[in-house]
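Observations on the model geometry
For reference, the chains in residue letters:
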Amino acid sequence: TQITQLQFSKICRFIKSNEESLKDIRNIKINLSPCELLETGYCEKLLSIIRENGIPFSKIQFEITETTATQYTQETFRFINKLQEHGVGLCLDDFGTGYANLSTVLSLPYSVVKIDRSLLQGICDSAKKADFYKNLAEIIKKQGFLIVAEGVETEQEARLLSEWKIDLFQGYYFSKPLPSKEVIQKIRVNNLIDMH
């Protein structure tokens with residue numbers, strides 16, 4: 001939890017020092033682990049870091065994995081409610097890895113669902129896999145969630161996902177992880193609206 005807190009402080013300082021370059025970014029996603037969701041007072045620590053850096057709460061979105069979703073407790077509920085009260089977004093990460101199901105997704109207050117890379121693999125070669133991915137995405141979208149396709153690595157995948165009206169893409173097709181200066185350069189060159 002201390003490492004995440006330090007890393008989150010660093011991310012918020014980066015956002016603050018590059019405010020102009022990041023003004024058009026919709027939000028920046030940060031992963032949270034189960035132990036962080038269960039630590040008393042941890043939510044307030046994260047909110048304080050956002051406040052101290054003068055960042056709009058809506059600029060931050062915390063990602064919670066399917067595994068964490070299955071360990072949903074009263075403490076988790078309080079944590080998530082507090083984030084929502086302040087306008088911080090919540091994203092379900094790695095959907096489709098086998099731990100959660102649509103029922104779990106629909107019962108939690110997420111606004112974004114990231115579909116795991118494992119479900120994307122083979123969509124360009126198999127009509128069956130393509131239909132499954134497309135139909136799953138349609139069901140999730142009809143429930144009002146934004147969808148992020150994880151693990152996009154080829155132009156062909158990106159083209160198919162665009163045809164299916166997937167909201168956001170994440171993957172090496174666009175960029176591998178970069179040092180902070182190169183991130184800012186890439187944002188200036190490309191029309192990016194979301195960061196992870």
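Quick look at the structure, then. (Residues numbered from 1 in each chain as written. Predicted model: local features only at pLDDT ≥ 70, side-chain atom pairs only at ≥ 80, totals over all residues. Heavy atoms only, no water.)

Describing helix α8 (residues 127-142)
For α8, built from 16 residues, the straight-helix expectation of 22 Å at 1.5 Å per residue is met to within 8% by its first-to-last C-alpha distance of 22 Å. Where α8 is concerned, the buried positions are Ala130, Tyr133, Leu136, Ala137 and Ile140. Buried residues of α8, seen end-on, are gathered within an arc of 135° and therefore sit on one face of the element. In α8, the exposed residues that point more than 90 degrees away from the buried face are Ala127, Lys128 and Lys142. Just past α8, the residue Gly144 takes up positive phi, approximately 95°. (Helix = DSSP H or I, 4+ residues; strand = E, 2+ residues; numbered from the N terminus. Expected span 1.5 Å × (residues − 1). Buried < 20%, exposed > 50% of the residue type's maximum accessible area, 1.4 Å probe, protein only. Arc of directions from axis to C-beta.)

Things to note about unusual backbone geometry
Even without being glycine, Asp94 reaches a positive phi, approximately 60°. Within the secondary structure layout, Asp94 lies in strand β3 (residues 89-95). The class of Asp94 is partly exposed, set by a relative accessible area of 22%.

Description of the nonpolar core
Counting 52 residues, the largest nonpolar core has Phe8, Ile50, Phe62, Tyr133 and Leu161 as its most contacted members. Looking at which element gives the most residues to this core, the answer is helix α3 (residues 42-52), with 6 residues. If near-sequence neighbours (up to four positions away) are discounted, Ile50 is found in contact with Phe8, Cys12, Ile55, Phe57, Ile60 and Val88. (Core = buried A, V, L, I, M, F, W, Y, C linked by side-chain atoms within 4.5 Å. Contact = heavy atoms within 4.5 Å.)

Focus: the environment of Lys16
Checked against the element boundaries, Lys16 lands in helix α1 (residues 2-17). Judged by its relative accessible area of 45%, Lys16 is partly exposed. Sequence separation of Lys16 and Ile55 is 39 residues, and the distance between their C-alpha atoms is 6.9 Å. Ignoring anything within four residues of it in the chain, the contact list for Lys16 reads Glu52 and Asn53.

Remarks on the packing of aromatic side chains
A complete count under the given rule lists 4 aromatic pairs for this structure. With centroids separated by 5.4 Å and ring planes inclined at 55°, the aromatic side chains of Phe8 and Phe62 adopt a geometry described as tilted. Of this pair, Phe8 sits in helix α1 while Phe62 is found in strand β2 (residues 60-65), placing the two residues 54 residues apart along the sequence. Per residue, the accessibility class of Phe8 equals that of Phe62, and both read buried. Grouped by ring-pair contacts, the aromatic residues Phe169, Tyr173 and Phe174 constitute a single cluster. (Phe/Tyr/Trp six-rings, centres within 6.5 Å; stacked < 30°, edge-to-face > 60°.)

Here's the deal with the pairing of strand β4 (residues 112-115)
Where burial is concerned, the two faces of β4 agree: the one with Val112 and Lys114 and the one with Val113 and Ile115 are both buried. In terms of strand pairing, β3 meets β4 through 3 bridges, oriented parallel. Each residue of the ladder has a partner; that of Cys91, found in β4, is Val112. Where β4 meets strand β5 (residues 146-150), 4 bridges bridge the pair, whose relative direction is parallel. (Pairing = 2+ DSSP bridges.)

As for the packing of α1 against α3
Look at α1 against α3: their axes get within 9 Å of each other, and the N-to-C directions meet at 20°. Between α1 and α3, the interaxial angle falls into the category roughly parallel. Judged by the twist between their axes, the crossing of α1 over α3 is right-handed. Packed against α1, whose contacting residues are Thr4, Gln5, Phe8, Ser9, Cys12 and Lys16, the element α3 presents Tyr42, Lys45, Leu46, Ile49, Ile50 and Glu52 at the interface. Taken together, the residues of the contact of α1 with α3 sort by class into 6 nonpolar, 3 polar and 3 charged. (Axes fitted to C-alpha atoms, helices over the stretch in contact; angles between N-to-C directions. Parallel < 35°, antiparallel > 145°, perpendicular 65-115°, else oblique. Left-handed = near helix turned anticlockwise from the far one by under 90°. Nonpolar A, V, L, I, M, F, W, Y, C, P; charged D, E, K, R; others polar.)

Comments concerning the environment of Ile15
Mapping Ile15 onto the fold places it in helix α1. Through-space distance from the C-alpha of Ile15 to that of Gly54 is 9.7 Å; in sequence the pair is 39 residues apart.

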